Amino acid sequence: MNLINSRRGTVRAAALLVTFFGYGCSGPAESGPTNGAMSVAAPALAIAVAPKGGASIANAELIAKTIKDAKAGGVAVVNFWATWCPPCVKETPALNTFYSEYKDRGVRFVSISADDPATLADKVVPFIDKYDVLYNVLVMEGVMPDQLSAAVGAEVSGALPETFLFDKAGKLITSWLGEVTLEELVMTVDPLLDASAT
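Residues numbered from 1 in each chain as written. Predicted model: local features only at pLDDT ≥ 70, side-chain atom pairs only at ≥ 80, totals over all residues. Heavy atoms only, no water.

Asker: Give me the pattern of salt bridges: which residues, what numbers.
Answerer: Under the definition given, this model contains 4 salt bridges. Between Asp69 and Lys65 there is a salt bridge, and its shortest N-O distance comes to 2.7 Å. Here Asp69 and its partner Lys65 are both found in helix α2 (residues 60-72), 4 residues apart, which amounts to about one turn of the helix. Put simply, Lys103 and Asp104 hold a salt bridge, and the shortest N to O gap is 3.7 Å. What makes Lys103 partly exposed here is its relative accessible area of 37%. Since its relative accessible area comes to 69%, Asp104 is described here as exposed. (Salt bridge = Lys/Arg side-chain N within 4 Å of Asp/Glu carboxyl O. Helix = DSSP H or I, 4+ residues; strand = E, 2+ residues; numbered from the N terminus. Buried < 20%, exposed > 50% of the residue type's maximum accessible area, 1.4 Å probe, protein only.)

Asker: Describe in detail the environment of Val143, supporting the description with residues and values.
Answerer: On the secondary structure map, Val143 appears in strand β6 (residues 137-143). Note: C-alpha distance between Val143 and Glu61 (82 residues apart in sequence) is 8.9 Å.

Asker: A description of the packing of aromatic side chains should follow, citing residues and the corresponding values.
Answerer: The description of an aromatic ring pair rests on the distance of the ring centres and on the angle between the ring planes. As enumerated under the stated definition, the model contains 7 aromatic pairs in all. Taking the centre distance of 6.1 Å and the plane angle of 90 degrees together, the rings of Phe80 and Phe164 count as edge-to-face. Note that Phe80 is positioned in strand β4 (residues 75-81) and Phe164 in strand β8 (residues 162-166), a separation of 84 residues in sequence. In this structure, Phe80 and Phe164 share a single accessibility class: buried. Considering the side-chain rings of Phe109 and Tyr135, the 4.6 Å spacing of their centres and the 55 degrees angle between planes classify their relative orientation as tilted. Linking Phe109 in strand β5 (residues 107-113) with Tyr135 in the loop between α4 (120-130) and β6, this pair joins segments that are 26 residues apart in sequence. Considered together, Phe109 and Tyr135 belong to a single accessibility category, that of buried residues. (Phe/Tyr/Trp six-rings, centres within 6.5 Å; stacked < 30°, edge-to-face > 60°.)

Asker: Lay out the pairing of β8 with the relevant residues and their values.
Answerer: Regular strands have side chains that alternate between both faces of the sheet. Most of β8 is tucked away, with 5 of its 5 residues classed as buried. Alternating positions in β8 separate into two faces, Glu162, Phe164 and Phe166 on one and Thr163 and Leu165 on the other, with burial throughout. Examined bridge by bridge, β4 and β8 share 5 bridges and lie antiparallel to one another. Bridge assignment links Asn79 to a residue of β8, and that residue is Thr163. Of the strand pairs in this sheet, β8 and strand β9 (residues 172-177) are connected by 5 bridges, and their pairing is antiparallel. Within β9, the residue paired with Leu165 across the bridge is Thr174. Taken together, β8 and the strand that follows it, β9, pair antiparallel across an intervening segment of 5 residues, in which Gly170 is found at a positive phi of about 85 degrees. (Pairing = 2+ DSSP bridges.)

Structure below.
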């Protein structure tokens, strides 16, 4: 009987994980404009810093410091995503182009992955290589949603992808829930750069 109850407990735990990570990510988030956002209701998320082709694990403290430094250094874009999220994959080329065109213009880009840290070598690094990702990627480990919201300074919905834009003073200008396009980024970032140039 204990073995059966133990197995049932394991099956229930697995079902909850599928609900949080699988089913919750299989459709659009329920609130706000989604642009195809995938809902992620995870009790703890994961993040890692990865130069192209490599990755390392980052905890809540490192994530908070990275976001704080980005917001203090100029216009900042913070993007939450995962390799298993179709709208995230779809927006990757646009983010890569944006980063390439704006990195030398005072725009800081922080990429935070919700992938399981155990999949860095077999999922995240191959993704970085396949899409020729130029920016660093943070892969979260043991980071709670409230810690992410505190680090960003705004409510992080838990849906993927989600992107936040901050001006040079660190003030939240806008956010996108769901896929963000290159055009949307350019249209909102250019005026911030122009305003600070005058």
